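What the coordinates show
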Amino acid sequence: MWNNVSAFIQKHNLLPEGSKVVIGVSGGADSISLLHFFDTIRVEKHLELIVAHVDHMFRGRQSEEDMLFVKEECEKRCIPFEASQIDVLSYQRENKWSAQVAARKCRYSFYQEVMEKHQANLLALGHHGDDQVETMLMRLGRGSSIKGYAGILPKRQFGRGWIIRPLLSVTKEEVLDYVKENGLSYRHDPSNDKDAYRRNRLRHHVLPLLKDEFPSLNEKFQAFSEHLQDDNSYLEELTKKEWNKVIKTKNESRVVLRIKPLLLMAKPLQRRGFQLILNYLYNNEIPPSLSSIHIDNLLSLLESEHPSGMLHFPDDLQVTRSYNDCTFSFENERAIPFRAMIEVPGKITLPTDDVIISEVWTHYNHEVQPEKNQAILDLSKVAFPLQVRSRLNGDRMKLKGTAGSKKLKSIFIEAKIPIAKRDSWPIIVDANENVLWVPMLKRSPFEVTEETMGPVLVLTIKKS
Ligand SMILES: Nc1ncnc2c1ncn2[C@@H]1O[C@H](COP(=O)(O)OP(=O)(O)OP(=O)(O)O)[C@@H](O)[C@H]1O
């Protein structure tokens, strides 16, 4: 089986020699096999490995034991281990996402942090051929874009580099055989057994039937996926060239198109063009509620005899037709800029109805770690008065734990914060306009370190 994986790595150029690779390891059979595989080729390929694990805290003590198990597996192999315990359920409630979506967002944002910290360009994940078949079937059943129907990509851009999925070339059965052959131990996630989720129902009841009928099902689905991806990339390239004639103006919250040249283009290029625009405006995170019906309605609006009309797309994106122009815009939802002083100690309510509470502790107890909605700042490093304000063009911040700084815009993009929310996101600055904290997203070197004795300033942000 591992010949397949090596051939797949080579075919898609997944792993240049000397790469630094972060491996996402949950502790399950797939990612443990992936870890073992990378460990066996580490010396030959001059790889530097780091493991990232997220404890979603869904299953209390059991989740924590998964984390300790992965930690031990790393210690055995002398591989650096990075873990984060995230209370996904409260994050989910705050943002009204499903548990799966919230967990995924937390995981991917942690992967990015680890990649940044270790300056790694690759993130390897353990999706295998059965995940591919399930994903493609689910998307066909539910409806998706051509890109979506192509399933999981072997390699895609992510953060400062790429996500790679070397196990797409093998089946779950082959992974389990590998586990047995190599005497690997792994953790079992009982939520995979439940038939409550559609994916599990497909896995338990549909895949076995299909595999019985078509013994090389995985291979065929993977080949189909790669053909679709190839065709699609070619058509996307064509679309990009042609759409230059169609796009009148474009910025991160507003795109204006010329309708006449758009309607002269072939339908596959029109559809892909809309997909590109939507990907751009939604930052590659198209809301799941956006379906092919939206695109059909959009085409009807543009082809209609009426010179004007409006459509509402998810996340407050408006599409307006006015004579020969079609405008996609979030602008109506843009927030009014704000700036206010933070009294210490004190409490301030923001236009978003969030509340920031500030308090001073004279001594700092190093066992206290801030929650995600908290920052503990070293008072000797900050210049008073502190203010909370909305973002400004060109804002940058220094990042905790690294020597570098980053544009706030990139931080929002990486965290997939919708444009409509960015202008009202609170930014904490000091008297010199140093960004001290972007609540829930990024910490700065103005926070406490191991040397901090106190006094410290504790900021907490909550819903009012
Ligand atoms: N909690 C986690 N921490 C780190 N990486 C994870 C975590 N959960 C999933 N991953 C990564 O994402 C991949 C796909 O996740 P998915 O949930 O589909 O599978 P899984 O059943 O968790 O896989 P595995 O058998 O490795 O547990 C995993 O193989 C692993 O690389």
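Residues numbered from 1 in each chain as written. Predicted model: local features only at pLDDT ≥ 70, side-chain atom pairs only at ≥ 80, totals over all residues.

**Topic: the overall build of the protein chain**
Here is the rule we go by: Starting at the N terminus, helices and strands are each numbered in turn, a helix being any DSSP run of H or I of at least four residues and a strand any DSSP run of E of at least two. For every residue, the other C-beta atoms within 10 Å of its own C-beta are counted; 20 or more classify it as buried, 12 or fewer as exposed, and values in between as partly exposed. C-beta atoms are placed from the backbone. A residue pair is marked as a contact if its C-beta atoms, positioned from the backbone, fall within 7 Å.
A tally of regular secondary structure across the protein chain gives 15 helices and 22 strands. Its C-alpha atoms give the protein chain principal-axis dimensions of roughly 70 × 70 × 40 Å. Burial statistics for the protein chain: of 464 residues in total, 29% are counted as buried. Counting only contacts in the protein chain whose residues sit at least 6 apart along the sequence, the fraction spanning at least 24 positions is 71%.

**Quick notes on the sheet that holds strand β6 (residues 161-164)**
How we decide: Should DSSP find at least two bridges between two strands, the strands are regarded as paired. Every axis in this analysis is a line fitted to C-alpha atoms, fitted for helices over the stretch in contact. Angles between the N-to-C directions lie between 0 and 180 degrees.
On the basis of which strands lie adjacent, the open sheet formed by six strands has the order β3-β2-β1-β4-β6-β5 and mixed pairing. This sheet does not close on itself; its edge strands, each paired only once, are β3 (81-85) and β5 (155-158). Averaged over all pairs of adjacent strands, the angle between their axes in this sheet comes to 25 degrees, without regard to strand direction. Note that strand β1 (residues 20-24) and strand β4 (residues 122-124) share three bridges and pair parallel. Bridged to isoleucine 23 within β4 is alanine 124. Running at roughly 160 degrees to β1, helix α2 (residues 29-41) makes contact with β1, β2 (48-55) and β4 of the sheet. Sitting on the sheet, helix α3 (residues 60-77) is in contact with β2 and β3, with an inclination near 170 degrees to β2.

**Brief notes about the site of the ligand**
In plain terms, the rule: Contact assignment follows one rule, namely that a residue is near a molecule or strand if its backbone-placed C-beta atom lies within 6 Å of it.
What surrounds the ligand is a group of 17 residues, the closest being Gly24, Gly28, Asp30, Ser31 and Gly126. Elements supplying a minimum of two residues to the shell around the ligand: α2 and β2.

**Here we look at the UniProt feature "binding site: ATP" (unreviewed entry) in the protein chain**
Our working definition: UniProt positions are given in the numbering used here, feature names are shortened, and annotations may be inferred rather than shown by experiment.
According to UniProt, the feature "binding site: ATP" (unreviewed entry) maps to Ser26, Gly27, Gly28, Ala29, Asp30 and Ser31 in the numbering used here. Given 23 C-beta atoms within 10 Å, glycine 27 falls into the buried group. The contacts of glycine 27, once residues within four sequence positions are left out, are Ile32, Asp66, Phe69, Val70, Tyr186 and Arg187. Mapped onto the secondary structure, alanine 29 falls in helix α2. Excluding residues that lie within four positions of it along the chain, alanine 29 makes contacts with Val175, Leu176, Val179 and Tyr186.

**Looking at the nonpolar core**
Inclusion rule: In plain words, the nonpolar core is the set of buried Ala, Val, Leu, Ile, Met, Phe, Trp, Tyr and Cys residues that C-beta atoms within 7 Å link up.
If you look at the biggest cluster of nonpolar residues, it comprises 35 residues, and the most contacted ones within it are Val21, Val22, Ile23, Phe38, Leu123 and Ala124. For this core, the secondary-structure elements that each account for two or more residues are β1, α2, β2, α3, α5 (99-118), β4, β6 and α8 (172-181). In this view, valine 21 contacts Phe38, Leu47, Leu49, Ala120, Leu122 and Ala124; residues no more than four positions away in its chain are not counted. In terms of nonpolar packing, the next biggest core, distinct from the first, is built from 26 residues, Ile356, Met397, Val435 and Val456 among them.

**Here we look at the packing of helix α10 (residues 217-243) against helix α12 (residues 267-281)**
How we decide: An angle below 35 degrees is read as roughly parallel, one above 145 as roughly antiparallel, one from 65 to 115 as roughly perpendicular, and any other as oblique. Under the scheme applied here, ten amino acids are nonpolar (Ala, Val, Leu, Ile, Met, Phe, Trp, Tyr, Cys and Pro), four are charged (Asp, Glu, Lys and Arg), and all others, including Gly, are polar.
The contact between α10 and α12 brings their axes to 9 Å, and the two run at 80 degrees. Regarding the angle of α10 to α12, the classification is roughly perpendicular. Residues Leu235, Glu236, Leu238, Thr239, Glu242 and Trp243 of α10 form the contact with α12, whose own contacting residues are Pro268, Leu269, Arg272, Gly273 and Leu276. The residue inventory of the contact of α10 with α12, partitioned by class, reads six nonpolar, two polar and three charged.

**Here's the deal with unusual backbone geometry**
Here the residue pair valine 344 and proline 345 is connected by a cis peptide bond, since its omega of -10 degrees sits within 30 degrees of zero. Assignment of secondary structure puts proline 345 in the loop between β12 (339-342) and β13 (346-349). The omega torsion across phenylalanine 384 and proline 385 is 0 degrees, close enough to zero to call that bond cis. Looking at the secondary structure, you find proline 385 in the loop between β15 (374-378) and β16 (386-389). Positive phi is not limited to glycine here, since aspartate 316 has a value of about 65 degrees. Turning to its location among the elements, aspartate 316 is positioned in the loop between β9 (308-313) and β10 (317-322). The exposure class assigned to aspartate 316 is partly exposed, which follows from the 16 C-beta atoms found within 10 Å. Positive phi, normally seen in glycine, also occurs at tyrosine 323, with a value near 50 degrees. Mapped onto the secondary structure, tyrosine 323 falls in the loop between β10 and β11 (325-329).

**Looking at the domain arrangement of the protein chain**
To keep it simple, the criterion reads: Residue ranges for the domains originate in an automatic or database domain assignment.
One can read the domain layout of the protein chain as domain 1 (2-224), domain 2 (244-333) and domain 3 (339-463). Between the C-alpha centres of domain 2 and domain 3 the distance comes to 37 Å.

**Some words on α10**
The periodicity of an α-helix, 3.6 residues per turn, causes residues three or four places apart in sequence to face the same way. The condition that has to hold: A helix's residues, less one, multiplied by 1.5 Å, set its expected span.
In a regular helix each residue adds 1.5 Å, so 27 residues correspond to 39 Å; α10 covers 37 Å between its end C-alpha atoms and thus fits that length. What α10 keeps buried is the set Asn218, Phe221, Gln222, Ser225, Thr239 and Trp243. Structurally, α10 contributes buried residues whose contacts are with α6 (129-142), β7 (247-251) and α12.

**Structural notes on the packing of α2 against α8**
What counts here: Left-handed describes a crossing whose near helix is turned anticlockwise from the far helix through less than a right angle; right-handed describes the clockwise counterpart.
Where α2 contacts α8, the axes come no closer than 10 Å and their chain directions differ by 60 degrees. When the axes of α2 and α8 are compared, the pair comes out oblique. Classified by chirality, the crossing of α8 by α2 is left-handed. Between α2, through Ala29, Asp30 and Ser33, and α8, the contact on the second element is made entirely by Val175, Leu176, Tyr178 and Val179. Considering only residue class, the contact of α2 with α8 consists of five nonpolar, one polar and one charged.

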